[in-house]
Amino acid sequence: MSKLGVRGWLLLGLVTVVVLAATGVWNPFPTMWDWVDRRSPISEPDVVWQQRIGGTPKSVTIAGDTVVVEQRTRVEARSLATGAQLWERKADWAAVAGGDKDPVVAVGKLLVKGYELLDPTTGAVRRRDDDAVAVWTYRNMLLDARCVEPTDCTLSAWDPRGTAPLWTAFLPGVSSGLFADNPNLLGTRRLTAPRIDAGAAGPEAAPPLLGFPVDGRVHVVDTATGRVVQNVEPGREERLAVIGGRMLRIKAVSRDGTCQYAVSAREPATGQEVWRRAGVNLRTADSAGCVQREDPQGARNVLIGVAPDGREAVIDAYDGRLLLVDAEGEKLLAVDDRYALVRAADRRSVVGRQFGVDRARWTRPSTGRAGAALTPYAAVLSEEKPNRLIALDPRTGRELAVLRTSANALAVGANGMIIGEGREIGYVRFGAGTGVPPVPPPDGGGVGDPGGDDGGPGVEDSCGPKRELCPDPRDKDG
């Protein structure tokens, strides 16, 4: 036996352990794996709760008092208060519709018609459809499309928890790429940021008009009535986009070794031009022959363009007004209908701006590689070296949460946000350790002082620029 040497004894010991584990006499492997796989906090300060899920999440959404986690082949819901799992279902895709008070979860299978709407708290089926090929989820409605023939399709709008369609509209087919949840329509392309999920803001309110691409044409649908108000074919050098209640014709022409741009906005119901701008690059074309393959950058009702002098500008898609023009060297990080987050020319600070206000709302030091996103509840910054996630009141710049973490911001809600790294997710409550009250929810759950820079977001901030997130007082009795 002494001739075995060190390697021989090690091999013999390993064989002995394997035999003992296989026969059930002694199995050290689970304990060893637990030691290797034990969790460590994903942020400092620590999160309210931290849970390990079955796989890397595709999307995470805060839906009322629950957290909906979409994975590759399943979807699950967890309690926002404790992180405990409430239910789990097999599904290839999942998307949340509705606001804080009436959320639902649409789930389905790829290449299989139909979907189910689930209650986010119990997982119970609230409504089932067997024919739809695509679903679009919004804060105030859900749309689905079903086709009896390739050229005979119906688009239907539903209240998130309704049982009968609000309206139906005829479409002569749907694009071959329109299937499953939230396939791309002809709108804006969001700015992205490292370590902040593109869907962190959750579902948005449905825009007034949507542009459906069908067989090289664009069918413009009024989301209030379901009426198809335009059926347009773009010109050879044009790209069409439907943004802010207008249909945009974006033209890019190769001339003198460069691309020359022009954009005109039309009232879809009449086709009448309401504004035009030339020389603004909306970043729809690549450098090869000025072919436009991308939607314009922007968010909701605003566009981001590059002026001939290289400065970035934010344009109101409805009336063509210049809402913001960056100074030389500044860089837009995030925009919505109300605010813009800008990296200063010195790359050492981030500036918060409000459209219609001349001076900056706030400025804070930041690393040169900062990313940012705007949600209805908070502005989120991601920083590197050191790695941090920071949630701010977008109006005042007040800190809602400051985390030392390499995790990603996955979802932002009224009172906190979900962060995650790998299979670990955790909940961060706004104001914990900062002495700052949480941001009021934007759907009528409470509003702050409409004036003053030291209070919470005001009425207009909470309801959105066109009060689309708050109930209309004219709907109340009396």
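Predicted, not measured: the structure shown is a model, and the values here were computed from it. (Residues numbered from 1 in each chain as written. Predicted model: local features only at pLDDT ≥ 70, side-chain atom pairs only at ≥ 80, totals over all residues. Heavy atoms only, no water.)

With that out of the way, let us pick up the state of the cysteines. In a disulfide, the sulfur atoms of two cysteines are held together by a covalent bond. Across all of its chains, the model carries two disulfides by this definition. With its sulfur 1.9 Å from that of its partner, Cys259 forms a disulfide with Cys290. Residues Cys259 and Cys290 are joined through a disulfide that is left-handed, its torsion about the S-S bond being -105°. In this pair, Cys259 sits in strand S20 (residues 258–266) while Cys290 sits in the loop between strand S21 (273–278) and strand S22 (298–299), placing the two residues 31 residues apart along the sequence. (Disulfide = S-S within 2.5 Å. Helix = DSSP H or I, 4+ residues; strand = E, 2+ residues; numbered from the N terminus.)

Turning to the packing of aromatic side chains, a few remarks are in order. Scanning the entire structure with this criterion turns up two aromatic pairs. Both rings, one in Trp49 and one in Tyr427, keep their centres 6.3 Å apart while their planes meet at 25°; by these two values the pair is stacked. One end of the pair, Trp49, is in strand S1 (residues 49–52); the other, Tyr427, is in strand S36 (residues 424–429), and 378 residues separate them in sequence. Positioned over the ring face of Trp158 is Arg127, at 3.6 Å from the centre of the ring. (Phe/Tyr/Trp six-rings, centres within 6.5 Å; stacked < 30°, edge-to-face > 60°. Lys NZ or Arg CZ within 6 Å of the ring centre and 35° of its normal.)

Let us look at a nonpolar patch on the surface. Side chains of Leu110, Leu111 and Phe179 sit close together on the surface and give an oily, nonpolar patch of about 350 Å² of accessible area. By secondary structure assignment, the location of Phe179 is in the loop between strand S13 (167–171) and strand S14 (180–181). Overall, the relative accessible area of 42% leaves Phe179 in the partly exposed class. (Patch = residues over 30% accessible without salt bridge, like charges linked within 9 Å, V, L, I, M, F, W, Y side chains within 5 Å. Areas by Shrake-Rupley, 256 points an atom, 1.4 Å probe, with all protein chains shown as cover. Salt bridge = Lys/Arg side-chain N within 4 Å of Asp/Glu carboxyl O. Buried < 20%, exposed > 50% of the residue type's maximum accessible area, 1.4 Å probe, protein only.)

If you walk across this open sheet you meet the four strands as S22-S23-S24-S25, and the pairing is antiparallel. Single-partner strands in this sheet number two, and they are S22 and strand S25 (322–325). Where strand S24 (residues 312–316) meets S25, three bridges bridge the pair, whose relative direction is antiparallel. Its bridge partner being in S25, Val314 is matched across the sheet by Leu324. (Pairing = 2+ DSSP bridges.)

Counting buried positions along strand S26 (residues 331–335) yields four of five residues, so the element is predominantly enclosed. Pairing of S26 with strand S27 (residues 339–343) involves four bridges; the strand directions are antiparallel. Paired with Lys331 across the two strands is Arg343, which belongs to S27. Connecting the antiparallel pair S26 and S27 is a turn made up of three residues.

Next up on the list: the sheet that holds strand S31 (residues 379–383). Where strands meet in a sheet, backbone hydrogen bonds hold them as pairs that are either parallel or antiparallel. The four strands are arranged S30-S31-S32-S33 in an open sheet whose pairing can be described as antiparallel. Two strands bound the open sheet, and with one partner strand each, they are strand S30 (371–374) and strand S33 (399–404). Between one strand and the next, the sheet's axes are offset by a mean angle of 10°, whatever the strand orientation. Taken together, the five bridges between strand S32 (residues 388–392) and S33 define a ladder with antiparallel strand orientation. (Axes fitted to C-alpha atoms, helices over the stretch in contact; angles between N-to-C directions.)

On average, the protein chain scores 86 in pLDDT, and the residues at 70 or more come to 83%. Predicted confidence for residues 435–439 stays below pLDDT 50, and this span has 15 contacts to residues more than four positions away or in other chains. A low-confidence stretch, residues 472–478 stays under pLDDT 50, and its non-local contacts, those more than four residues away or across chains, total zero contacts. (pLDDT = per-residue confidence, 0-100. Contact = heavy atoms within 4.5 Å.)

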